[in-house]
Amino acid sequence: SQTIHQWPATLVQPVGSPLSLECTVEGTSNPNLYWYRQAAGRGLQLLFYSVGIGQISSEVPQNLSASRPQDRQFILSSKKLLLSDSGFYLCAWSEKETQYFGPGTRLLVL
Amino acid sequence: TQLLEQSPQFLSIQEGENLTVYCNSSSVFSSLQWYRQEPGEGPVLLVTVVTGGEVKKLKRLTFQFGDARKDSSLHITAAQPGDTGLYLCAGGTSYGKLTFGQGTILTVHP
């Protein structure tokens, strides 16, 4: 069966520091991969998606970037965090139209 | 841009009551997914509906996809405290991206 992992689970970072969140998927090949941000208790905003290694589409211009160095690895990065980058970050994978989510990373920028 | 309006935003009911959550759009979706999310965790898929007019039942939960594939509903019969959580609908497209509603926070009081 397929599993999706995210780490870290929680992160507290100062403004201006770099960021690297990692997502890995097991049990499937060449999945579509997604990064979302979720405001407290609300809907999900799609940040990036990838249909293959090195292929990244950005949905919202912002302070973040994404990379996919391996088939089942998806990384969300920032060179300098802003206060507004705080939130709950979710990674998801899909085959066909259904998406399956990881456990999420809670990021607090102070 | 496709939008999905979810209502109500908040629902507070007593154990044993019935409830319905709605998702509506002016856009046609190729599929409609419903997720349930607990605080601090990733959304968990409840169901995917793909055919206009389709009805799926999952124990006390009934999901319906509108004939025109623009709207969907989730009906819970005899709600229990364990049903408490954030319910999210998401409309799918053939190229794999989802458009999420803003979510319904359900609280079931014992």
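Source: prediction; values computed, not measured. Residue indices follow the written sequence of each chain, beginning from 1 at its first position. Chains carry letters and ligands carry numbers; both start at the beginning, A for chains and 1 for ligands, and go up in the order they are written. Predicted model: local features are reported for residues with pLDDT of at least 70 only, side-chain atom pairs are reported and counted for 80 or more only, and whole-chain, interface and lining totals are derived from all residues. Calculation of side-chain values draws on the structure's entire complement of heavy atoms; hydrogens and water are dropped beforehand.

## Here's the deal with the interface of chain A and chain B
A contact between two residues is defined here by any heavy atoms of the two lying within 4.5 Å. On the side of chain B, 26 residues touch chain A, which itself brings 21 residues to the contact. Put simply, buried area is how much 1.4 Å-probe accessible surface two parts lose in total, over both of them, once they are put together. Carbon and sulfur atoms supply 50% of the area buried between chain A and chain B, which totals about 1,700 Å² over both sides. A carboxyl oxygen of Asp or Glu within 4 Å of a side-chain nitrogen of Lys or Arg is what we treat as a salt bridge. Taken together, the connections running from chain A to chain B amount to 1 salt bridge. One salt bridge in this structure joins Glu59 of chain A and Lys97 of chain B, with 3.0 Å as the shortest N-O distance. Whenever a nitrogen or oxygen atom comes within 3.5 Å of another N or O atom, the pair is scored as a polar contact, on the condition that within protein one atom can donate a hydrogen and the other can accept it, and that pairs from neighbouring residues in sequence are kept only if both atoms are in side chains. Counting the contacts that link chain A with chain B gives 6 residue pairs in polar contact (both at pLDDT 80 or more). Sorting the residues of the side of chain A that touches chain B by element identifies strand S4 (32–38), strand S5 (44–52), strand S9 (87–95) and strand S10 (98–101) of chain A as the ones contributing at least two each. Broken down by class, the residue content of the side of chain A that touches chain B amounts to 10 nonpolar, 6 polar and 5 charged. Only DSSP runs of H or I with at least four residues qualify as helices, and only runs of E with at least two residues qualify as strands; both kinds are numbered from the N terminus onward. Basically, the charged four are Asp, Glu, Lys and Arg, the nonpolar ten are Ala, Val, Leu, Ile, Met, Phe, Trp, Tyr, Cys and Pro, and anything else, Gly included, counts as polar.

## Quick look at the nonpolar core
We define a nonpolar core as any set of buried Ala, Val, Leu, Ile, Met, Phe, Trp, Tyr and Cys residues linked to one another through side-chain atoms lying within 4.5 Å. Exposure is judged per residue with a 1.4 Å probe applied to protein chains only, and the accessible area is read against the type maximum: over 50% gives exposed, under 20% gives buried, and values in between give partly exposed. Judged by nonpolar contacts, the single largest core of 21 residues is most densely connected at Ile13, Leu19, Leu32, Trp34, Leu74, Ile76 and Leu106 of chain B. When near neighbours in sequence (up to four residues on either side) are disregarded, Leu74 of chain B contacts Leu19, Thr20, Val21, Trp34, Leu61, Thr62, Phe63 and Tyr87 of chain B. If you look at the next biggest cluster of nonpolar residues, it comprises 20 residues, including Leu33, Trp35, Phe48 and Val109 of chain A.

## Examining the packing of aromatic side chains
A pair of Phe, Tyr and Trp rings is counted when the ring centres sit within 6.5 Å of each other, with Trp represented by its six-membered ring. The angle between the planes then sorts it: under 30 degrees is stacked, over 60 is edge-to-face, the rest tilted. Applying the stated rule across the entire model yields 9 aromatic pairs over all chains. Ring centres 5.4 Å apart and planes at 85 degrees place the aromatic pair Phe101 of chain A and Tyr35 of chain B in the edge-to-face group. On the criterion of chain membership, the pair formed by Phe101 of chain A in strand S10 and Tyr35 of chain B in strand S4 (residues 31–37) is interchain, its members lying in two chains. Neither Phe101 of chain A nor Tyr35 of chain B differs from the other in exposure class; each is buried. The rings of Tyr34, Tyr36, Tyr49 and Phe101 of chain A together with Tyr35 and Phe100 of chain B are connected pair by pair, giving a single aromatic cluster. Working rule: Lys NZ or Arg CZ, within 6 Å of ring centre, within 35 degrees of ring normal, means a charge sits over the ring. The lysine or arginine in question, Arg42 of chain A, covers the ring of Phe10 of chain B, its NZ or CZ lying 5.4 Å from the ring centre.

## What to know about the sheet that holds strand S7 (residues 61–65) of chain B
Adjacent strands of a sheet form backbone hydrogen bonds with each other and so pair up, either parallel or antiparallel. Residue and element names in this part refer to chain B. In space, the 5 strands of this open sheet follow the order S1-S3-S8-S7-S6, with antiparallel pairing throughout. The two strands at the open ends of the sheet, each matched to only one other strand, are strand S1 (5–7) and strand S6 (55–58). Mean inter-strand twist for the sheet, computed between neighbouring axes without regard to direction, equals 15 degrees. In the sheet, strand S3 (residues 19–24) pairs with strand S8 (residues 71–76) via 6 bridges, with the strands oriented antiparallel. By the bridge assignment, Val21 is partnered in S8 with Leu74. Here a strand pair is declared whenever DSSP counts at least two bridges between the two strands. Axis angles are defined between N-to-C directions and span 0 to 180 degrees, where every axis is a line fitted to C-alpha atoms and, for a helix, only to the segment in contact.

## Side note on the sheet that holds strand S3 (residues 19–26) of chain A
Residues and elements named next belong to chain A. With antiparallel pairing, 4 strands are arranged side by side in an open sheet as S1-S3-S8-S7. Edge positions in the sheet fall to strand S1 (3–7) and strand S7 (65–70), since each has one partner strand and no second. Adjacent strand axes in the sheet meet at a mean angle of 20 degrees when their direction is disregarded. Bridge count for S7 against strand S8 (residues 73–78) is 4 bridges, and the pairing is antiparallel. Considered in S8, the bridge of Ala66 is made with Leu76.

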